[in-house]
Amino acid sequence: MLRGRSLSVTSLSGLPQWEVEELPVEDLLLFEVAWEVTNKVGGIYTVIQTKARTTADEWGDNYFLIGPYFEHNMKTQVEQCEPLNDAVKRAVDAMNKHGCQVHFGRWLIEGSPYVVLFDIGYSAWNLDRWKGDLWEACHVGIPYHDREANDMLIFGSLTAWFLKEVTDHAEGKHVIAQFHEWQAGTGLVLSRARKLPIATIFTTHATLLGRYLCAANIDFYNHLDKFNIDKEAGERQIYHRYCMERAAVHCAHVFTTVSEITAIEAEHMLRRKPDVVTPNGLNVKKFSAVHEFQNLHAMYKARIQDFVRGHFYGHLDFDLEKTLFFFIAGRYEFSNKGADIFLESLSRLNFLLRMHKSDVTVVVFFIMPAQTNNFNVETLKGQAVRKQLWDTAHSVKEKFGKKLYDALLRGEIPDMNNILDRDDLTIMKRAIFSTQRQSLPPVTTHNMIDDSTDPILSTIRRIGLFNGRTDRVKVILHPEFLSSTSPLLPMDYEEFVRGCHLGVFPSYYEPWGYTPAECTVMGIPSVTTNLSGFGCFMQEHVADPTAYGIYIVDRRFRSPDDSCNQLTQFLYGFCKQSRRQRIIQRNRTERLSDLLDWRYLGRYYQHARHLTLSRAFPDKFYMEPTSPPSTEGFKYPRPSSVPPSPSGSQASSPQSSDVEDEDEDERYDEEEEAERDRLNIKSPFPLGHVPDGKKKLHGEYKN
């Protein structure tokens, strides 16, 4: 009987809480199957890419990723090579000899994992036969017009074929295969139907039907146990996809999902309770800037300020040093991502700031890709005007500096009335006139294809946030992913995030939530909800999330209006912070990074694999029965120093001064607080099962 080395994991009190077996990886082969291997579509790509380093370090040359082949991805991301593993080499050769096109190489990301890529189009001639195989396996039929589902069947069939060839030549090695999402699910179903000797894991990052129902503005979390699943899937014409997903869930030895909120959803939507919750992590080392992250914030904030100077030329009657930058980013799912509640709260925030006569201005960016006809003329003109003004000021400065230098060399104090001549004054007056504009600054940077029905623009029209002079909240919709090559806002997403003050992601449907997680590791506070996996994770592991820059909106047990009011209070409270308080909060936020590091969260996956082996090969592997491990006691403490929200210690009008009370310096000790936080993450924390008998509360209102 094969057993791995036992690793004892301790709690904060120092007492052992549970034991996890270290797998004998030299006797195993691990395959991870996903449509987003080398193929960026959404969040699964981030999961796999960031986790690759940790997994490759643990498994070495026994770790392989399986995905689709696309020529442009292969040329830019993959270095072709020959397989060193004999079983994999034989499988690739056998499939290529039988009319397939299988590519093998190293994915050029951190960890350089091996990848096996299947050319879907090259094997499409087998589609009808493989449809018959799927029908025989689970009685699921796929309509001819659903091209995506047909592609997933081809991909799954090639995966099952490949795994059969591998197991035929594995020479005593046991195979673990982890399948991500319904796109890879048919490979799992066919592998089990053909009784391949592999241990299988199915991981859902979001349920198909859950995403559709939430997008349709249905009271989802309050009626999880009341939906007629077959009827709902049929009405949305995704019944066959739902069946593919559900078949994969029930065929897997172990079923996992990424958060407890999604575990509850999956139990009702897919009729199986997840065995293990595997939270999503990040490669924190990639984002790590030690103490430089504060300097990076200042540097990239200056670049955003340059863009704002151009965008608001002629209406730049607010102080950029007292301006805060908020943003929301992600797929353009208006209600699922919380853009609806965010816009409504911005309208209320604008009222509060104007009512209190605040000198704080908030510029809000919506980075959500939509169909456009490129940049609009007014936006490009703004940046051109800004550049022209900069050039004018620079030339006058050079001329002024030379005259001043010459006068000082002669030992004279220059006559300030003569140092600028009539031509200089004319140039400056012309520059001032060039900044005049008759229209308001645009609320979008691009020409939208469907401007009249666009949800964000329609809401902006309804609430009246048109970037007027009296508005303290300004809105900019940037319907395109950020890029350093853009002529408008030449910044990569990571640079842009570092330059902002607050990320706002009040999602209604968010199985995990990488956007607030990325903010956290870069030291930028963020807003999330208790309906996102990230928000639930932080509530569990941080005693006072708000103190660490994680604002969690309650969208589960409050009405939409109450949730909107809570979000408005969070935003208003943030505006009331002084600069020093924001710096302290960013320090705390960045210290949460280790919570999201794959070096820690990878143990959840390790546990899932061991559980899979014990179920697939009970005569060779076993896992000692343990009670659901507790995470009690593993929490960042509530800071005892400067309050993150100044509502209790400051006037109702936001402060912009950097001057603080002297006693606050005594109450805040950065090194002491950081050391206390480091102690709380010294040991990897226990694994997160969905506890048996845990009360499953659903929302009382639709948000």
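Before any of the text, the structure's been laid out above.
Since we're looking at a predicted model, the values are computed, not measured.

Asker: Give me the lowdown on the overall build of the chain, citing residues and values where you can.
Answerer: Across its full length, the chain carries 25 helices and 19 strands. The buried share of the chain, taken over its 703 residues, is 58%. When contacts within the chain are restricted to residue pairs at least 6 apart in sequence, long-range pairs at least 24 apart make up 76% of them. With the model as given, the accessible surface of the chain reaches about 29,300 Å², and the carbon-plus-sulfur share is 51%.

Asker: How would you sum up the pattern of salt bridges? Please name residues and give values.
Answerer: In total, this model carries 40 salt bridges according to the counting rule given. The shortest N-O distance in the salt bridge between R106 and D61 comes to 3.6 Å. Of this pair, R106 sits in strand β6 (residues 102–107) while D61 sits in the loop between α1 (43–59) and β4 (63–68); the two residues are 45 residues apart in sequence, bridging distant segments of the chain. Connected via shared salt-bridge partners are K231, E232, E235 and R236.

Asker: So what about the packing of aromatic side chains? Which residues, and what values?
Answerer: A complete count under the given rule lists 30 aromatic pairs for this structure. Centre to centre, the rings of F365 and F496 are 5.2 Å apart; their planes meet at 85 degrees, and the pair counts as edge-to-face. Taken together, the positions of F365 in strand β13 (residues 361–367) and F496 in helix α18 (residues 493–499) put the pair 131 residues apart, joining distant regions of the chain. A residue is classified by how much of its surface remains accessible, and F496, at 0% relative accessible area, is buried. Here Y551 and F570 contribute two aromatic rings whose centre-to-centre distance is 5.3 Å and whose plane-to-plane angle is 55 degrees, an arrangement assigned as tilted. One end of the pair, Y551, is in strand β19 (residues 550–553); the other, F570, is in helix α21 (residues 560–575), and 19 residues separate them in sequence. Directly above the ring of Y114 sits R106, whose terminal nitrogen or CZ lies 4.0 Å from the centroid. Positioned over the ring face of Y313 is R437, at 4.0 Å from the centre of the ring.

Asker: Outline the sheet that holds β19, listing residues and values.
Answerer: Reading across the sheet, the six strands line up as β16-β13-β12-β17-β18-β19 and stay open at both edges, with parallel pairing between neighbours. The open sheet is flanked by β16 (473–478) and β19, the only strands paired with a single partner. Across this sheet, the average inter-strand angle for adjacent strands is 25 degrees, counted without regard to direction. Of the strand pairs in this sheet, strand β12 (residues 323–329) and strand β17 (residues 502–504) are connected by two bridges, and their pairing is parallel. Across the sheet, residue F327 finds its bridge partner in β17, namely G503.

Asker: So what's going on with the nonpolar core? Which residues, and what values?
Answerer: Soluble globular proteins tend to pack their nonpolar side chains together in the buried interior. Counting 88 residues, the largest nonpolar core has V308, F326, L346, L349, F365, F366 and F496 as the members making the most contacts within it. If one sorts the elements of this core by residue count, helix α13 (residues 339–355) sits on top with eight residues. When residues no more than four places from it in sequence are discounted, the contact partners of F496 are I304, F327, F365, I367, L482, L489 and M491. One finds V92, F202, Y221 and L224 within the second-largest nonpolar core, a separate group that totals 72 residues.

Asker: Can you lay out the side chain of D146 for me, pointing to particular residues and giving the numbers?
Answerer: Tracing the backbone through its elements, the reader meets D146 in the loop between α4 (127–138) and α5 (147–168). The class for D146 is buried, based on a relative accessible area of 8%. Polar contacts involving the side chain of D146 include one to the main-chain amide nitrogen of A149, which spans 3.2 Å. Residues within four places of D146 in sequence aside, it is in contact with H240 and R241.

Asker: Before we move on, can you summarise helix α3 (residues 86–97) with the specific residues and values?
Answerer: The end-to-end C-alpha distance of α3 is 16 Å, a good match for the 16 Å that 12 residues give at a rise of 1.5 Å each. Among the residues making up α3, those that are buried are A87, V88, A91, V92, A94 and M95. Seen from one end, α3 has its buried residues packed into an arc of 165 degrees, which puts them on one side. On its buried face, α3 sits against β3 (28–33), β4, β6, β7 (114–118) and α5. Of the residues flanking the end of α3, it is G99, one or two places downstream, whose phi is positive at about 90 degrees.

Asker: Outline the sheet that holds β6, supporting the account with residue identities and numerical values.
Answerer: Taken in spatial order, the nine strands line up as β5-β6-β7-β4-β3-β8-β9-β10-β11 in an open sheet, and their pairing is mixed. Edge strands, defined here as strands with exactly one partner in the open sheet, are β5 (78–80) and β11 (276–277). Sheet topology places β3 next to β4; four bridges connect them, and they run parallel. Across the sheet, V33 pairs through a bridge with I66, a residue of β4. With respect to the sheet, helix α23 (residues 598–616) is in contact with β3, β8 (174–180), β9 (198–204), β10 (254–257) and β11, its orientation differing from that of β9 by roughly 135 degrees.

The rules we used
- Sequence order as written defines residue numbering, which begins from 1 separately in each chain.
- Predicted model: local features are reported for residues with pLDDT of at least 70 only, side-chain atom pairs are reported and counted for 80 or more only, and whole-chain, interface and lining totals are derived from all residues.
- Side-chain numbers come from the whole structure's heavy atoms, not from hydrogens or water.
- Strands here mean DSSP runs of E at least two residues long; helices mean DSSP runs of H or I at least four residues long; both are numbered from the N terminus.
- Exposure categories follow from relative accessible area, calculated using a 1.4 Å probe and restricted to protein chains: below 20% of the type maximum is buried, above 50% is exposed, and the middle band is partly exposed.
- By definition in these notes, contact holds between two residues if any of their heavy atoms fall within 4.5 Å.
- The Shrake-Rupley method, run with a 1.4 Å probe sphere, supplies the accessible areas, and residue values consider only the shown protein chains as cover.
- When a carboxyl oxygen of Asp or Glu lies within 4 Å of a side-chain nitrogen of Lys or Arg, that pair is called a salt bridge.
- Each pair of aromatic rings taken from Phe, Tyr and Trp, with Trp reduced to its six-membered ring, is defined by centres within 6.5 Å and is described as stacked if the planes are under 30 degrees apart, edge-to-face if over 60, and tilted in the remaining cases.
- Here, a charge over a ring is recorded when the distance from Lys NZ or Arg CZ to the ring centre is within 6 Å and its angle to the ring normal is within 35 degrees.
- Here a strand pair is declared whenever DSSP counts at least two bridges between the two strands.
- Under this scheme, a helix contributes an axis fitted over its contacting stretch, all axes are lines through C-alpha atoms, and angles between N-to-C directions fall in the 0 to 180 degree range.
- The nonpolar core is taken to be a set of buried Ala, Val, Leu, Ile, Met, Phe, Trp, Tyr and Cys residues, with the residues joined through side-chain atoms within 4.5 Å.
- For this analysis, a polar contact is any N or O atom pair within 3.5 Å, provided that within protein one partner can donate a hydrogen and the other can accept it, and provided that sequence-adjacent residues contribute only side-chain to side-chain pairs.
- A helix is expected to reach a length of 1.5 Å times the quantity of its residues less one.
- Each direction from the helix axis to a C-beta atom contributes to the arc, which is the arc of those directions.

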